[in-house]
Amino acid sequence: MPADTVGRFLAALDPEHRKSISAKPREEQEQLAAAWERELEADDELDTLDELSPPAAEAEAARRVLERETR
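Residues numbered from 1 in each chain as written. Predicted model: local features only at pLDDT ≥ 70, side-chain atom pairs only at ≥ 80, totals over all residues. Heavy atoms only, no water.

### With respect to the nonpolar core
Here is the rule we go by: What is meant by a nonpolar core is a set of buried Ala, Val, Leu, Ile, Met, Phe, Trp, Tyr and Cys residues, joined one to another through side-chain atoms within 4.5 Å. A simple rule labels every residue: compare its accessible area, found with a 1.4 Å probe on the protein chains alone, to the largest value its type can have, and call it buried under 20%, exposed over 50%, or partly exposed in between. Put simply, DSSP marks the helices as runs of H or I at least four residues long and the strands as runs of E at least two long, and each gets a number from the N terminus on.
Among the nonpolar cores identified, the biggest contains 16 residues, and Phe9, Leu13, Ile21, Leu32, Trp36, Ala62 and Leu66 are the most heavily contacted of them. Contributions of two or more residues to this core are made by helix H1 (5–12), helix H3 (26–42) and helix H5 (54–69). The element best represented in this core is H3, accounting for five residues.

Given below as C-alpha cells:
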C-alpha cells in the first residue's frame, strides 16, 4: 500500500480516473489528495463506512472529491 498521501489517493481511484489524475502535475495531485484527506476526516458517514470497509470509504471520498473538483 502506498505510504504517501498522493499514492493512497491514487490507489483509491478507479482505474480510469487514476490514469487521468496521474497525468496531472504533481502539485495538482497533491491538492486533490489533500482534499481527499479532508473529506475522509470530516464526513461522519465515511467514518461508519470506514469501519465496515476502509477501501470503500476511501473510494467514496475520492469519488466525491473528483466530482466536486471537476465541476
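### Notes on H3
We apply this condition: Take the number of residues in a helix, subtract one, and multiply by 1.5 Å to get its expected span. What the arc measures is the spread of directions leading from the helix axis to the C-beta atoms. Contact between two residues is taken to exist if any of their heavy atoms lie within 4.5 Å; hydrogens are not considered.
Compared with an ideal rise of 1.5 Å per residue, which puts 17 residues at 24 Å, H3 spans 24 Å between its outermost C-alpha atoms and is within 8% of the ideal. If you check which residues of H3 are buried, you get Gln29, Leu32, Ala33, Ala35, Trp36, Glu39 and Leu40. Buried residues of H3 fall within an arc of 160° about the axis and therefore sit on the same side. In H3, the exposed positions angled more than 90 degrees off the buried face are occupied by Glu27, Arg38, Glu41 and Ala42. Along its buried surface, H3 packs onto H1, helix H2 (15–22), helix H4 (44–52) and H5.

### With respect to the packing of aromatic side chains
Heads up, the condition is: Here a pair means two rings of Phe, Tyr or Trp (six-membered ring of Trp) with centres within 6.5 Å. Their orientation is stacked below 30 degrees between planes, edge-to-face above 60, and tilted elsewhere.
By the definition in use, this model includes one aromatic pair. Measuring from centroid to centroid gives 5.8 Å for phenylalanine 9 and tryptophan 36, while their planes differ by 55°, and the two rings are tilted. Of this pair, phenylalanine 9 sits in helix H1 while tryptophan 36 sits in helix H3, and the two are 27 residues apart along the sequence. Look at phenylalanine 9 and you get buried, because its relative accessible area is 0%.

### What to know about the side chain of arginine 64
Selection rule: N or O atoms closer than or at 3.5 Å make up a polar contact, with two conditions inside protein: a donor-capable atom paired with an acceptor-capable one, and, for residues adjacent in sequence, both atoms drawn from side chains.
Looking at where arginine 64 falls in the secondary structure, it is placed in helix H5. The class of arginine 64 is buried, set by a relative accessible area of 17%. Within the structure, the side chain of arginine 64 is placed 2.5 Å from the side chain of aspartate 43, a separation counted as a polar contact. Looking at arginine 64, its side chain comes within polar contact range of the side chain of glutamate 60, at 3.0 Å. When residues no more than four places from it in sequence are discounted, the contact partners of arginine 64 are Glu39, Asp43, Glu45 and Leu46.

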